[in-house]
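Read off the chains here:
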Amino acid sequence: MRYFIVDDDRASRVMLSNIINDCELGTVIGEAKNGLDAIPQILMMQPEFVLIDLLMPKLDGIETIERLQQNGFKGHFIMISQVVNKEMVADGYSKGIEFFIHKPINKIEVQMVLKRTTEQYLLKNSLEVIRQSLTNFNITEVTHTKKTTREHIQSILNDMGIVAEVGSEDIIKIIEQLLIEKHKIAPLPPLKEIYERVAMLTKSTPDDILKESKAIEQRVRRTILAAMINLANMGIVDYTNSEFEYYTPRYFDLTDIRYLMKQIENNDQRKAKVNIKKFIQVLYSEIISKVD
């Protein structure tokens, strides 16, 4: 990734540049001490990411972003700020800011945020490559169709950072099976029955079905725990992160997530109560609302 840093504090620029270079997160291709100086350089260099201070003389971070977007800049923004005002943070997200990095700058937070934004960037890029490939083969109509159920589920799991987990495929199959059988949103069948129905898609004998259903439960449990840990990490970095604010209260118990946040901050073992039933119930409900 190529980064451009905009901050009126030289020490902050140096620190961010050193973290990016030392941790091999990408390349810093330029920097500026205010928005006015930054705009022409950014438009010329076209970096993937702009790390930009919220409060600067001459032109603040939000105004700089607006001018860049008005001039056709399509890169991504990460805001650097001491401000924790919720309204200003919300305004930042509405302008397309990916994440916030808090001052004073913390190396671990910077690493976590930049790795997360890079993963999202690469995923979006891969999807765009696929779309372009389909276009080249004269299948452009595919790109204009509605999202499939699987794509909706994958999008949600990706937001929680678990789309690549082994159990994510089991979760997708569970939701697809519930949709096929046209269950009402509540109450859902017992989890044991759901696991067995999914197991029957690949297994035929009673012993194999039972064994596979138990394996499905373990994979799903580990995957949901991974989602909880990812959201807890988001909450530590930025409590007002849009994904953290949306998914945490809907899919999980806030007490469990806060407990995980404390464990992470204290470098303890990541343990938490995993409510599979609630997760599946909420996900199923959300997918029904999207596909109807």
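None of the values given here were measured: they were computed from a predicted structure. (Residues numbered from 1 in each chain as written. Predicted model: local features only at pLDDT ≥ 70, side-chain atom pairs only at ≥ 80, totals over all residues. Heavy atoms only, no water.)

**Student:** Could you give an account of the overall build of the protein, with specific residues and numbers?
**Tutor:** Helix and strand counts for the protein stand at twelve helices and five strands. Within the protein, the proportion of its 292 residues that are buried is 44%. Taking all contacts inside the protein whose residues are at least 6 apart in sequence as the whole, residues at least 24 apart take part in 66%. Roughly 15600 Å² of accessible area belongs to the protein as shown, and the carbon and sulfur atoms make up 52% of that amount. (Helix = DSSP H or I, 4+ residues; strand = E, 2+ residues; numbered from the N terminus. Buried < 20%, exposed > 50% of the residue type's maximum accessible area, 1.4 Å probe, protein only. Contact = heavy atoms within 4.5 Å. Areas by Shrake-Rupley, 256 points an atom, 1.4 Å probe, with all protein chains shown as cover.)

**Student:** Lay out the packing of helix α2 (residues 35-45) against helix α3 (residues 61-70) with the relevant residues and their values.
**Tutor:** A pair of packed helices is captured by two measures, namely the crossing angle of their axes and the spacing between those axes. For the pair α2 and α3, interaxial distance at closest approach is 10 Å and the crossing angle is 30°. For the element pair α2 / α3, the angle class is roughly parallel. The handedness of the crossing between α2 and α3 comes out as right-handed. From α2, Gly-35, Leu-36, Ile-39, Ile-42 and Leu-43 reach across to α3, where they touch Thr-64, Arg-67 and Leu-68. Looking at side-chain class alone, the contact of α2 with α3 contains five nonpolar, two polar and one charged residues. (Axes fitted to C-alpha atoms, helices over the stretch in contact; angles between N-to-C directions. Parallel < 35°, antiparallel > 145°, perpendicular 65-115°, else oblique. Left-handed = near helix turned anticlockwise from the far one by under 90°. Nonpolar A, V, L, I, M, F, W, Y, C, P; charged D, E, K, R; others polar.)

**Student:** Report on the confidence of the model for the protein, specifying residues and quantitative values.
**Tutor:** Mean pLDDT over the protein stands at 85; residues scoring 70 or higher make up 88%. Within the model, the stretch residues 139-144 combines pLDDT values under 50 with five contacts to residues more than four positions away or in other chains. (pLDDT = per-residue confidence, 0-100.)

**Student:** Any details on a nonpolar patch on the surface? Residues and values, ideally.
**Tutor:** Taken together, Leu-123, Leu-127 and Ile-130 make up a surface patch of nonpolar side chains, about 240 Å² in accessible area. Classification of Leu-123 by relative accessible area gives partly exposed; the value is 33%. (Patch = residues over 30% accessible without salt bridge, like charges linked within 9 Å, V, L, I, M, F, W, Y side chains within 5 Å. Salt bridge = Lys/Arg side-chain N within 4 Å of Asp/Glu carboxyl O.)

**Student:** Could you give an account of unusual backbone geometry, with specific residues and numbers?
**Tutor:** Following Lys-103, the chain continues to Pro-104 via a peptide bond in cis, the omega torsion being 0°. Position of Pro-104 among the secondary structure elements: in the loop between β5 (97-102) and α5 (107-136). Backbone geometry at Glu-24 places phi at a positive 55°, although glycine is not the residue there. Position of Glu-24 among the secondary structure elements: in the loop between α1 (10-22) and β2 (27-32). Classification of Glu-24 by relative accessible area gives exposed; the value is 72%.

**Student:** Summarise the nonpolar core; cite the residues concerned and give the values.
**Tutor:** In globular proteins that are soluble, nonpolar side chains generally tend to be buried together. With 43 residues, the main nonpolar core has Met-160, Ile-224, Tyr-251, Phe-252, Phe-279, Ile-280 and Leu-283 as its most contacted residues. Contributions of two or more residues to this core are made by α6 (149-159), α7 (166-180), α8 (191-199), α9 (206-237), α10 (242-251), α11 (254-265) and α12 (276-291). Looking at this core element by element, the count peaks at eleven residues for α9. Ignoring any residue separated from it by four or fewer positions in sequence, one finds Phe-279 in contact with Leu-157, Met-160, Ile-162, Ile-171, Ile-224, Tyr-251 and Phe-252. (Core = buried A, V, L, I, M, F, W, Y, C linked by side-chain atoms within 4.5 Å.)

**Student:** Tell me what's going on with the side chain of Lys-103, and back it up with residues and numbers.
**Tutor:** Position of Lys-103 among the secondary structure elements: in the loop between β5 and α5. Separated by 3.0 Å, the side chains of Lys-103 and Asp-7 make a polar contact. Excluding anything up to four places from it in sequence, Lys-103 contacts Asp-7, Asp-9, Ser-12, Asp-53, Ile-80, Ser-81 and Gln-82. (Polar contact = N/O pair within 3.5 Å; in protein donor to acceptor, adjacent residues only side chain to side chain.)

**Student:** Please set out the UniProt feature "modified residue: 4-aspartylphosphate" (unreviewed entry) in the protein residue by residue, giving values where relevant.
**Tutor:** Within this structure's numbering, the places UniProt gives as "modified residue: 4-aspartylphosphate" (unreviewed entry) are Asp-53. Counting through the fold element by element, Asp-53 comes out in strand β3 (residues 49-53). Judged by its relative accessible area of 4%, Asp-53 is buried. The contact partners of Asp-53, leaving out residues within four places of it in the chain, are Val-6, Asp-7, Asp-8, Gly-61, Met-79, Ile-80, Ser-81 and Lys-103. (UniProt positions renumbered as here; feature names shortened; annotations may be inferred.)

**Student:** Would you mind going over α8 in detail, with residue names and values included?
**Tutor:** For α8, every residue scored as buried is listed here: Ile-194, Tyr-195, Val-198 and Ala-199. The buried residues of α8 occupy an angular sector of 135° when the element is viewed end-on, so they sit on one face. Turning to α8, the residues buried within the fold contact α7, α9 and α12. (Arc of directions from axis to C-beta.)

**Student:** Requested: an account of the pattern of salt bridges, with residues and values cited.
**Tutor:** A complete count under the given rule lists twelve salt bridges for this structure. Through salt bridges that share partners, Asp-7, Asp-53 and Lys-103 make up one connected network.

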